[in-house]
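# Structural overview for review
Here are the chains, one letter per residue:
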Amino acid sequence: MYLCAANLREQPLRVAAHGAGMATFLNLTLINNMDKLFSIAGKVAVITGAGGVLGGSIAKHFVAQGAKVVVLDIRQEQLDARVEELRALGGEAVGFVGNVLDVENLEKVASDVVAHWGRVDALLNIAGGNMPGATLAPDQPVFDMNLADWKKVTDLNLNGTVYPSLVFGKIMASQKSGAIVNVSSMAAYSAITRVPGYSVAKTGVSSFTQWLAMEMALKYGDGIRVNAIAPGFFIGDQNRSVLINPDGSLTDRSLKVIAKTPMKRFGDITELNGAVQFLCSAAASFVTGVVLPIDGGFSSFSGV
Ligand SMILES: NC(=O)c1ccc[n+]([C@@H]2O[C@H](COP(=O)([O-])OP(=O)(O)OC[C@H]3O[C@@H](n4cnc5c(N)ncnc54)[C@H](O)[C@@H]3O)[C@@H](O)[C@H]2O)c1
């Protein structure tokens, strides 16, 4: 039987005595090992965009699993509400108003986090999303693309992942440990109509994930891992109006999405939690540079 190195280090599998109790004993020991393997209890996780829908859901899951959560968001009101919500759940959480595009600001937050909790074990780069002005209208000529909004959306989604990764990654390099999880998109696999800036930026996030994973492992060792998730279609504040009609029915765009999703439904945001936890845990100790689709099969399906 093979057990991964991290698992062996944490709790070697003991050899049980012969007899009927052996199977039960081995099972219990394995379950115990599995719990430890996937545990994020006590880890300090910085979550950018945790004031929003996906980041908030993941933050709640993380505190429920015993992680210490740093909520970083540009919106003070959402940030305060989130920290209060996490504490009401019995979690340890602190909040910092921060802009993922402002390196000086991020460095200040990073030093405050280290002063508060002494380390950073995980960085979840969740802040991002599309903007109405960066979405082409169905019949809008390509050449009329709003370049100011193109710039805003590519900046937020790409540099808003790059800058925090460099600032918090530096702490991880000095610790020689840490996990970064970025958020890519289905738009990084194949073209999705009307969202040029978002698609280009998320493709950049996938590429940056691989690049940083390689550089961190080569230069700072195997304790630092960089991965991404690529969510399929989840109803959030940013895409609700393009996926759901005012009367609650699905838009034409939604029907196309569902037709190309073998599971024939949208995702529930809680279905991201397990994958993000896995990527931050010892269970993923040899996993770096991957972009994990969580999409009900959307990216695997040709549509035929
Ligand atoms: N909802 C989906 O279906 C879906 C699908 C694929 C990927 N995603 C990605 O998931 C991530 C989160 O999406 P969401 O639906 O939760 O969005 P959301 O708008 O609910 O949350 C985004 C959060 O980021 C914060 N933010 C924006 N700019 C910031 C900045 N400069 N600095 C710090 N914080 C900033 C916002 O205040 C907000 O709280 C995005 O990267 C999005 O592209 C979402």
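Computed from a predicted model, the values in this text were never measured in an experiment.

## Here's the deal with the overall build of the protein chain
- From N to C terminus, the protein chain includes ten helices and seven strands.
- Partitioning the contacts of the protein chain with sequence separation of at least 6, the portion at a separation of at least 24 is 70%.

## Considering the sheet that holds strand S1 (residues 44–48)
- The seven strands are arranged S3-S2-S1-S4-S5-S6-S7 in an open sheet whose pairing can be described as parallel. Every other strand in the sheet has two partners, leaving strand S3 (92–97) and strand S7 (291–294) as the edge strands with one partner each. Neighbouring strand axes in the sheet, compared pairwise and without regard to direction, differ in orientation by 20° on average.
- Two elements, strand S5 (residues 178–183) and strand S6 (residues 224–231), share six bridges in a ladder whose sense is parallel. Looking at the pairing, Ala 179 lines up with Arg 225 of S6.
- Docked against the sheet, helix H6 (residues 147–175) engages S1, strand S4 (122–125), S5 and S6, running at close to 175° with respect to S4.
- This element, helix H7 (residues 196–220), spans S5, S6 and S7 of the sheet and lies at about 165° to S6.

## Section: H6
- Over its 29 residues, H6 extends 41 Å from the first C-alpha to the last, a length consistent with the 42 Å expected when each residue adds 1.5 Å.
- Maximal helix bending in H6 amounts to about 35°, located at Asn 159.
- Downstream of H6 by a residue or two, Lys 176 has a phi angle that is positive, lying close to 65°.

## What about the site of the ligand?
- Of all residues adjacent to the ligand, which total 30 residues, the nearest are Gly 49, Gly 52, Leu 54, Gly 128 and Gly 236.
- Counting only elements with at least two residues in the shell around the ligand, the list comes to helix H3 (53–64) and H6.

## With respect to the nonpolar core
- Ranked by size, the top nonpolar core spans 66 residues in total, and within it Ala 45, Ile 47, Val 69 and Val 70 carry the most contacts.
- By residue number, the principal contributor to this core is H6, which donates eight residues.
- If sequence neighbours within four positions are ignored, Ala 45 has contacts with Phe 62, Ala 67, Val 69, Val 70, Asp 121, Ala 122, Leu 124 and Cys 280.

## Topic: H7
- If you check H7, its first and last C-alpha atoms are 35 Å apart, about what 25 residues at 1.5 Å a residue would give, namely 36 Å.
- Of the positions making up H7, those classed as buried are Gly 197, Tyr 198, Ser 199, Ala 201, Lys 202, Val 205, Ser 206, Phe 208, Thr 209, Leu 212, Ala 213 and Met 216.

## A short note on the confidence of the model for the protein chain
- Model confidence for the protein chain is summarised by a mean pLDDT of 92, while 90% of its residues fall at 70 or above.
- This model gives residues 1–18 a pLDDT under 50, and the stretch forms 18 contacts once residues within four places in sequence are excluded.

## Considering the pairing of strand S2 (residues 68–73)
- With six of six residues buried, S2 lies mostly within the body of the structure.
- Burial along S2 is two-sided: the residues Lys 68, Val 70 and Leu 72 and Val 69, Val 71 and Asp 73 are all buried.
- Across five bridges, the pairing between S1 and S2 is parallel. Paired with Ile 47 across the strands is Val 71, a residue of S2.
- Read as a crossover between parallel neighbours, the route from S1 over H3 to S2 is right-handed.
- Note: S2 against S3, six bridges, orientation parallel. Bridged to Val 69 within S3 is Ala 93.
- Following the chain from S2 across helix H4 (residues 76–88) to the adjacent parallel S3, one finds a crossover that is right-handed.

## Some points on the packing of H6 against H7
- Interhelical geometry of H6 versus H7 gives an angle of 15° and a closest axis separation of 8 Å. When the axes of H6 and H7 are compared, the pair comes out roughly parallel. Note on packing geometry: the crossing formed by H6 with H7 is right-handed. Side by side, H6 and H7 meet where Trp 150, Val 153, Thr 154, Asn 157, Leu 158, Thr 161, Val 162, Ser 165, Gly 169 and Ala 173 of the first sit next to Pro 196, Gly 197, Tyr 198, Val 200, Ala 201, Lys 202, Gly 204, Val 205, Phe 208, Leu 212, Met 216 and Tyr 220 of the second.
- Residue classes in the contact of H6 with H7 are distributed as 14 nonpolar, seven polar and one charged.

## What to know about the environment of Lys 152
- Here Lys 152 is to be found in helix H6.
- On a C-alpha basis, the gap between Lys 152 and Met 131 in space is 8.4 Å, while along the polypeptide they are 21 residues apart.
- With residues up to four places along the chain from it excluded, the contact list for Lys 152 reads Met 131 and Ala 134.

Calculation criteria
- Residues numbered from 1 in each chain as written.
- Predicted model: local features only at pLDDT ≥ 70, side-chain atom pairs only at ≥ 80, totals over all residues.
- Helix = DSSP H or I, 4+ residues; strand = E, 2+ residues; numbered from the N terminus.
- Contact = placed C-beta atoms within 7 Å.
- Pairing = 2+ DSSP bridges.
- Axes fitted to C-alpha atoms, helices over the stretch in contact; angles between N-to-C directions.
- Expected span 1.5 Å × (residues − 1).
- Bend = angle between axes of the 7 residues up to and from the residue.
- Near = placed C-beta within 6 Å.
- Core = buried A, V, L, I, M, F, W, Y, C linked by C-beta atoms within 7 Å.
- Buried ≥ 20, exposed ≤ 12 C-beta atoms within 10 Å, placed from the backbone.
- pLDDT = per-residue confidence, 0-100.
- Right-handed = clockwise from strand over helix to strand, strands pointing away.
- Parallel < 35°, antiparallel > 145°, perpendicular 65-115°, else oblique.
- Left-handed = near helix turned anticlockwise from the far one by under 90°.
- Nonpolar A, V, L, I, M, F, W, Y, C, P; charged D, E, K, R; others polar.

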